[in-house]
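Coordinate analysis (summary)
In case you want the letters, here they are:
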Amino acid sequence: MILFMCHQMALEHESKAKEKSATSGSSSPAVQPTYGGHMRDANVPIIWVLGGPGCGKGTQCAKIVAKYNFSHFSTGDLLRDEVASGSEKGKELQDMMKQGILVPNETVLKLLEAAMVKALNGTVGYLIDGYPREPAQGPEFEKFIAPVDIILYFECSNETLVARIMKRAAESATVRADDNEDTLKTRIATFRENTEKILVQYPTQLRRINAERAPEDIFADVEKAIDELLVKKGKK
């Protein structure tokens with residue numbers, strides 16, 4: 001949760017910095033991050049997986065990995081893994097969090113690209129879970145890594161999301177501080193506001209999936225979307 005908050009704060013900080021630069025009249029060119037460009041010509045399917053807390057996208061990602069041999073990446077997990085590795089970059093990230101310094105989106109994208117490149121030779125495709133989280137991230141991902149092929153968006157009502165999370169919290173031995181109804185409603189409202197702004201940017205890639213159903217019924221729609229993508233990419 002702390003890493004997620006740091007990431008979100010970084011995005012807000014970057015957005016404000018860009019606005020300040022644009023209004024200051026500065027003519028200095030922006031420094032762009034350098035990426036390897038390995039993914040752009042790889043012709044490996046890239047799927048963004050989006051859905052509110054409790055929509056069941058974790059279950060569906062596990063099913064996709066098992067059937068299709070896709071690599072599943074979550075940006076939050078990548079940040080946590082980097083910190084846990086004890087690497088120099090991990091130590092920097094840990095220090096940033098301790099000091100309340102923001103984790104830039106550039107850092108997140110570099111970690112993500114590195115993980116994708118590492119898995120390239122042994123994967124059929126990529127599932128990018130829970131990313132992008134806000135509208136600016138999608139274009140940045142496509143600019144610095146590669147275009148997205150499809151977006152699987154698991155749709156649930158607010159009532160269903162709250163009920164599922166509260167049930168999970170009641171059954172869990174460890175209760176998260178944000179697993180209470182009031183906080184959940186705020187999280188869901190923020191998610192919906194950001195996600196609708198993301199989805200409108202990708203009308204042809206978007207695949208809306210009714211996630212109110214049983215996991216097997218949901219996965220039938222997921223299979224259809226992925227099978228069509230694999231045929232299009234010449235992978236099936």
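Residues numbered from 1 in each chain as written. Predicted model: local features only at pLDDT ≥ 70, side-chain atom pairs only at ≥ 80, totals over all residues. Heavy atoms only, no water.

Some remarks on the overall build of the protein chain
Just so we agree on the cut-off: For helices the rule is a DSSP run of H or I covering at least 4 residues; for strands it is a run of E covering at least 2, with both sets numbered from the N terminus onward. For each residue, the accessible area found with a 1.4 Å probe, counting protein chains only, is set against the maximum for its type, and the residue is called buried under 20%, exposed over 50%, and partly exposed in between. Contacts between residues were defined by any pair of non-hydrogen atoms, one from each residue, lying within 4.5 Å. Areas reported as accessible are Shrake-Rupley estimates using a 1.4 Å probe. Residue values count occlusion only from the protein chains shown.
Scanning the protein chain from terminus to terminus reveals 9 helices and 5 strands. Along the chain direction, N to C, the helices and strands of the protein chain fall in the order α-β-α-β-α-α-α-β-α-β-α-α-β-α. Scored against the burial criterion, the 236 residues of the protein chain give a buried share of 44%. Contacts spanning at least 24 positions in sequence make up 81% of the contacts within the protein chain whose residues lie at least 6 apart. A total of about 12600 Å² of accessible surface is found on the protein chain, and carbon and sulfur atoms cover 53% of it.

As for the pattern of salt bridges
Rules: In what follows, salt bridge is the name for a side-chain nitrogen of Lys or Arg lying within 4 Å of a carboxyl oxygen of Asp or Glu.
Applying the stated criterion across every chain yields a total of 13 salt bridges. Between Lys185 and Glu181 there is a salt bridge, with the nearest N and O atoms lying 3.5 Å from each other. Within this pair, Lys185 and its partner Glu181 are both found in helix α8 (residues 181-199), separated by 4 residues, close to a single helical turn. For Arg208, the salt bridge is made with Glu196, and the minimal N-O distance between the two is 3.7 Å. Residue Arg208 is located in strand β5 (residues 206-210), and its partner Glu196 is located in helix α8; the two are separated by 12 residues in the primary sequence. Of the residues examined, Arg208 reaches a relative accessible area of 42% and is grouped as partly exposed.

Any link to function would need more than the numbers given here.
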